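An overview of the molecular structure
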Amino acid sequence: MAVFRNDRLCRPGGWGRLEDSLSLGEQPKLAANLSEALGGLHEPPDDPPAWDPPAPENRLPEGTCRALVERLGSDAVSTDVDDRIAHSLGRSYRDLLRIWSGHLGPVTDAVVYPRDEEGVAAVLRLATEHNVAVVPFGGGTSVVGGVDPLAGQHAAVVSLDTMRLVHVKIDAEAQLADIGAGVLGPDLERQLNEHDFMLGHFPQSFEFSTFGGWVATRGAGQQSTRYGKIEHMVSSVRIVTPRGAILTRNVPASAAGPSLVQQFIGSEGTLGVITSAVAHIGVVPRRLNFTRSCWATSPRLSHWSAIWHRPNCRCRWCVSRMRTRRVSCSKPPQVDRH
Ligand SMILES: Cc1cc2nc3c(=O)[nH]c(=O)nc-3n(C[C@H](O)[C@H](O)[C@H](O)COP(=O)(O)OP(=O)(O)OC[C@H]3O[C@@H](n4cnc5c(N)ncnc54)[C@H](O)[C@@H]3O)c2cc1C
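Summary of the structure given here. Quantities reported herein were computed from a predicted structural model and do not represent experimental measurements. (Residues numbered from 1 in each chain as written. Predicted model: local features only at pLDDT ≥ 70, side-chain atom pairs only at ≥ 80, totals over all residues.)

**Section: the sheet that holds strand 1 (residues 77-78)**
Reading across the sheet, the four strands line up as 1-2-4-3 and stay open at both edges, with mixed pairing between neighbours. The open sheet terminates on both sides in strands that have one partner only, identified here as strand 1 and strand 3 (132-137). Judged from the two bridges that link them, strand 1 and strand 2 (residues 110-112) form a sheet pairing that is antiparallel. The residue of strand 2 that forms the bridge with Val77 is Val112. (Pairing = 2+ DSSP bridges. Helix = DSSP H or I, 4+ residues; strand = E, 2+ residues; numbered from the N terminus.)

So this is what it looks like as structure tokens:
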């Protein structure tokens, strides 16, 4: 199998890009530590694993495929087998087992790449007419089967990849940004940083997950203790449903009725496709301090109590999710950003 998701997830049997692979031979100290902890080590098998699964059946009626191509253009509709497989798996251990074993389970019948909201609306309209299920696909880092192409009562499944919905419009005065659903974490922070802003949402899947995916899954990041979870950052959402688009009101705060925007946050594709959302952005701190800690022995009780303490700590510069007690709360940042 070729690369995953164009050049986004390049390791079909693991995490990260192929060029970032870590050879144990190049890291003797790490290899020794891991070997001791695990009772022996082997170099991992070749990546991608050598397997040749049978081409999955395609249930998408020809007429439906033709209608999608007519509406979106031929470069926005793919029935390529690798593409279909890549969009049928998340990144959980179960997904890795599916790919390693060759027992893939359900595979999506086609992948569509709409360029804009009208394209998304057209896919949902056609899917409704042709009894086809649509599964939104951001970065495909779901660990809970969120991108599994389950047809249910439908004739076929189409995965809707948001990778072309990538605008970032900054309103510096209001400190808000209108962000396309398909923007990947690093691209988003880079564009905001260029204007001295940041979002501050850093899930561990940051490199490969999308803004729309964060909103759709009500994500939490390593800096959520300081900057808030994604639902605290988003002020309005634009979502396309089979019956049309909904834009929730973009107001600083509301004291009236239930919150529609909060209904859409965490909806995981069940209520429609989030095409964009407006989020509060903050000014990049003058100083950033990155630390990491590891301990050679099993964590002692005192370490665990330090870890539990951290998520609730709201002191000014503490934005890490987990640290050992060796790092004091009152320790000021050490490293100048500029
Ligand atoms: C190594 C690793 C570390 C992780 N760390 C974290 C973490 O720290 N914090 C955390 O919260 N999560 C974490 N996750 C889980 C996952 O990365 C998050 O859920 C992430 O928000 C998913 O984003 P995505 O773009 O990859 O979405 P996908 O995996 O593509 O989709 C996730 C779900 O949202 C739906 N969806 C995606 N985009 C849209 C859209 N535009 N509109 C409507 N529905 C949509 C999909 O249909 C699916 O149900 C981690 C996963 C991995 C593999």
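**Points about helix 6 (residues 185-193)**
Restricting attention to buried positions, one finds in helix 6 the residues Gly185, Leu188 and Leu192. One side of helix 6 holds all its buried residues, which, seen down the axis, span an arc of 70 degrees. Exposed positions of helix 6 whose direction lies more than 90 degrees from the buried face are Pro186 and Arg190. For helix 6, the elements touching its buried residues are strand 5 (168-171), strand 6 (176-180), strand 7 (197-198) and helix 7 (211-216). (Buried ≥ 20, exposed ≤ 12 C-beta atoms within 10 Å, placed from the backbone. Arc of directions from axis to C-beta. Contact = placed C-beta atoms within 7 Å.)

**Regarding the sheet that holds strand 10 (residues 273-280)**
Pairing in this open sheet of five strands is antiparallel, and the strands run 5-6-10-8-9 from one edge to the other. Either end of the sheet is taken by a strand with one partner, and the two such strands are strand 5 and strand 9 (244-247). For this sheet the average axis-to-axis angle between neighbouring strands, irrespective of direction, equals 10 degrees. Summarising the sheet, strand 5 and strand 6 pair through four bridges and their orientation is antiparallel. Bridged to Val168 within strand 6 is Ile179. Across the sheet, helix 5 (residues 117-129) lies against strand 8 (234-241), strand 9 and strand 10, angled at about 45 degrees from strand 8, the strand it touches most. (Axes fitted to C-alpha atoms, helices over the stretch in contact; angles between N-to-C directions.)

In short, geometric facts, not functional conclusions.
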